[in-house]
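# Breakdown of the fold
Listed here are the chains, written in short residue letters.
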Amino acid sequence: MKIRLTGSLLLLFMLSTTLSYAQFSLSGEFRPRTELSHGYKSLAGSDQDASLFTAQRTRLNALYQTEKVITFLSLQDVRTWGSQAQLVGNEDFATSVHQAWAEVFFSPEFSLKAGRQELVYDDHRIFGNVGWAHQARSHDLAILKYQSDVDLHVGIAHNENSNPANNLFDGADAYKDLQYAWFSKQWDKGSLSLLVLNNGIPENTPDGQEVNYSQTIGGHATYPLGNFKLAANAYLQTGKTATGGDLSAYNLLLEATCPRGITWGYERLSGTGYDDAKNKSFNPLYGTNHKFNGFMDYFYVGNHFNSVGLNDIYAKYNYSKDKLSLNAHLHYFSAAAEINADASNYLGTELDLGAGWKISPEAQISCGLSWLFAGESMEIIKGGDQSASHYWSWLMLSVTPNFIK
């Protein structure tokens with residue numbers, strides 16, 4: 001009995017010693033969302049019926065952390081309800097690895113993070129995790145970090161097919177090569193971030209595969225001015241398009257938020273006019289584009305690239321108190337370049353309404369309703385019938401339990 005007691009005390013001591021140096025958590029996410037849409041992302045036809053469907057994201061997340069090492073694994077399943085048989089056997093790609101990375105600290109300031117991971121910088125305009133989309137976005141790359149009074153990240157990615165002899169890449173991702181440097185400095189009254197991104201897109205030619213590189217250079221800044229918080233973006237794009245043409249484009253954003261939760265803003269993404277010889281269309285690349293130009297995703301959410309660009313004048317109201325949150329966004333859209341010699345640049349106006357209720361720290365229910373009032377020129381670039389009703393609504397339950405912490 002004494003031997004067993006001594007052994008148990010020793011085991012408890014070893015476990016307590018280990019836990020004092022290491023942390024482990026296991027969490028999950030269950031997120032079904034039902035959507036009713038008629039004219040979402042593109043104008044509806046005059047005789048088109050509305051669609052109603054439910055899709056769900058399910059995740060299992062494991063985090064392990066010590067003084068020198070952090071590892072993270074996120075498994076996810078994304079499906080539309082009814083897409084899988086009730087009596088299902090094995091299914092290819094039913095569960096995927098959304099994130100799987102390790103970060104090693106050479107010192108408290110220097111670290112190396114490598115593996116499949118989300119990239120989120122600044123306001124998500126160039127790099128974002130696209131968390132609204134069930135599948136979200138993650139990259140395979142390595143990042144060397146310095147984090148102290150200033151932050152400096154240098155990221156490198158190179159993608160090839162599994163055959164190491166041919167130096168070819170024809171995978172699903174957009175880029176074959178990607179390198180970036182991100183610098184950020186915080187002050188008591190503001191912040192400044194600078195980004196330099198070299199993006200290489202593969203193109204198959206009769207002489208073999210070539211890589212067309214574009215460069216995105218710019219930054220994001222915030223500054224308080226009286227009762228207002230100002231935010232600004234400015235980016236230039238140059239180099240080559242995915243098909244090897246010359247590229248010259250830019251993106252500008254300026255917005256002001258007051259203490260009452262009201263934000264006024266203007267964003268311009270340059271575009272290519274009908275008589276332009278050079279591509280002038282700005283590409284926000286790997287950002288969370290659903291966040292910016294209307295929740296109905298008419299612009300830059302898998303669409304509207306190499307097009308006439310966008311002017312977005314907007315006003316947003318966001319309110320939260322206790323467990324309740326409300327928001328209302330209004331956007332006025334116009335083309336940044338001429339659509340044709342006779343068309344108006346006005347594209348449409350969108351109203352987005354949303355509400356959320358926090359049931360508990362790990363459970364929330366939210367909903368939204370959006371209308372797009374399209375101009376005639378929207379029909380030119382999107383097809384469909386601009387006189388039809390264009391709306392989209394959704395209802396979502398999000399539960400994020402901590403199984404072990």
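Heads up: the structure comes first, above all this text.
Let me sum up the structure you'll find in this document. Since we're looking at a predicted model, the values are computed, not measured. (Residues numbered from 1 in each chain as written. Predicted model: local features only at pLDDT ≥ 70, side-chain atom pairs only at ≥ 80, totals over all residues. Heavy atoms only, no water.)

### Some points on the overall build of the protein chain
Filter applied, for reference: Each helix is a run of DSSP H or I of at least 4 residues and each strand a run of E of at least 2, with the numbering of both proceeding from the N terminus. Under the scheme applied here, a residue whose accessible area is under 20% of the maximum for its type counts as buried, over 50% as exposed, and between as partly exposed, the area being computed with a 1.4 Å probe on protein chains only. We call two residues in contact when some of their heavy atoms are within 4.5 Å. Using a 1.4 Å probe, the Shrake-Rupley method yields the accessible areas, and only the shown protein chains count as cover for residues. A positive count includes Lys and Arg, and a negative count includes Asp and Glu. His and the chain ends are not counted in either. Where a charge lies is defined by one atom per residue type, namely NZ (Lys), CZ (Arg), CG (Asp) and CD (Glu).
In terms of helices and strands, the protein chain carries two helices and 19 strands. By its C-alpha atoms, the protein chain is 95 × 60 × 50 Å across when sized along the principal axes. Out of the 405 residues belonging to the protein chain, those deemed buried represent 42%. In the protein chain, once contacts between residues fewer than 6 apart in sequence are set aside, the share between residues at least 24 apart is 56%. Surface summary for the protein chain: the accessible area is close to 22,000 Å², and the carbon and sulfur share equals 59%. The distance from the centre of the 30 positive side-chain charges to the centre of the 40 negative ones in the protein chain is 11 Å.

### A look at the packing of aromatic side chains
Filter applied, for reference: Between the rings of Phe, Tyr and Trp (Trp by its six-membered ring), a pair exists once the centres lie within 6.5 Å; its type follows the angle of the planes, with under 30 degrees stacked, over 60 edge-to-face, and the other angles tilted. By definition here, charges over rings are those cases where NZ of Lys or CZ of Arg is within 6 Å of the ring centre and within 35 degrees of the ring normal.
The full count for this structure, using the stated rule, is 16 aromatic pairs. Within the aromatic cluster, the residues linked to one another by ring pairs are Tyr 121, Phe 127, Tyr 175, Tyr 180, Trp 182 and Tyr 286. Over the face of the ring belonging to Trp 132 we find Arg 33, whose NZ or CZ atom lies 3.8 Å from the ring centre. The ring of Tyr 314 has Lys 316 lying over it, and the distance from NZ or CZ to the ring centre is 4.8 Å.

### A look at unusual backbone geometry
Here Leu 285, not a glycine, exhibits a phi torsion of approximately 60 degrees, which is positive. Relative to the assigned elements, Leu 285 resides in the loop between strand S13 (262-269) and strand S14 (310-321). You can call Leu 285 buried: its relative accessible area is 11%. Positive phi, close to 60 degrees, is recorded for Asp 297, a residue that is not glycine. In this structure, Asp 297 sits in the loop between S13 and S14.

### Some thoughts on the nonpolar core
A general trend in soluble globular proteins is that nonpolar side chains are found buried together. In plain terms, the rule: Nine residue types can take part in a nonpolar core, namely buried Ala, Val, Leu, Ile, Met, Phe, Trp, Tyr and Cys, and a core is a set of them joined through side-chain atoms within 4.5 Å.
Of all hydrophobic cores here, the largest spans 40 residues; its most connected members are Phe 127 and Tyr 180. Among all residues touching Tyr 180, those that are not within four sequence positions of it are Leu 119, Tyr 121, Phe 127, Leu 141, Ile 143, His 153, Val 154, Gly 155, Leu 195, Val 196 and Leu 197.

### Describing the pattern of salt bridges
For the record, the criterion: Take a side-chain nitrogen of Lys or Arg and a carboxyl oxygen of Asp or Glu: if they are within 4 Å of each other, that pair is a salt bridge.
Under the counting rule described, the total for this entry stands at nine salt bridges. Among the ionic pairs, Asp 77 bridges to Arg 79, the shortest N-O distance being 2.6 Å. With a relative accessible area of 23%, Arg 79 lands in the partly exposed category. The salt bridge partner of Lys 280 is Asp 276, with a shortest N-O separation of 3.8 Å. Look at the salt bridges and you will find they share partners, linking Glu 29, Arg 57 and Arg 59 into a network.

### Re the environment of Gly 28
Turning to its location among the elements, Gly 28 is positioned in strand S1 (residues 23-38). The sequence separation of Gly 28 and Phe 403 amounts to 375 residues, and the corresponding C-alpha distance is 7.4 Å. Residues contacting Gly 28, with those up to four places away along its chain left out, are Arg 59, Leu 60, Val 399, Thr 400, Pro 401 and Phe 403.

### A closer look at the side chain of Gln 209
The following threshold applies: Under the rule applied, a polar contact is a pair of N or O atoms within 3.5 Å (in protein, one hydrogen donor and one hydrogen acceptor; residues adjacent in sequence only if both atoms are side-chain atoms).
You can see Gln 209 is positioned in strand S10 (residues 208-225). At 3.1 Å, the side chain of Gln 209 forms a polar contact with the side chain of Lys 176. The contacts of Gln 209, once residues within four sequence positions are left out, are Asn 167, Leu 168, Phe 169, Lys 176, Pro 202, Glu 203 and Asn 204.

### Things to note about the pairing of strand S9 (residues 190-205)
Put simply, the rule reads: Whether two strands pair depends on DSSP finding at least two bridges between them.
Sheet analysis places strand S8 (residues 177-187) next to S9, joined by 11 bridges and oriented antiparallel. In the sheet register, Gln 179 faces S9, and the bridge partner there is Asn 198. The loop that links S8 with its antiparallel partner S9 comprises two residues. Of the pairings in the sheet, the one linking S9 to S10 comprises 15 bridges and is antiparallel in character.

### A few points about the pairing of strand S16 (residues 346-360)
Relative to S16, strand S15 (residues 324-334) runs antiparallel, the two sharing 11 bridges. Each bridged residue has a counterpart across the sheet, and for Ala 328 the counterpart in S16 is Leu 353. In this sheet, strand S17 (residues 363-374) lies alongside S16 in antiparallel orientation, the contact comprising 12 bridges. Note that in S17 the partner of Glu 350 across the bridge is Leu 372. Between S16 and S17, which pair antiparallel one after the other, the connecting turn spans two residues.

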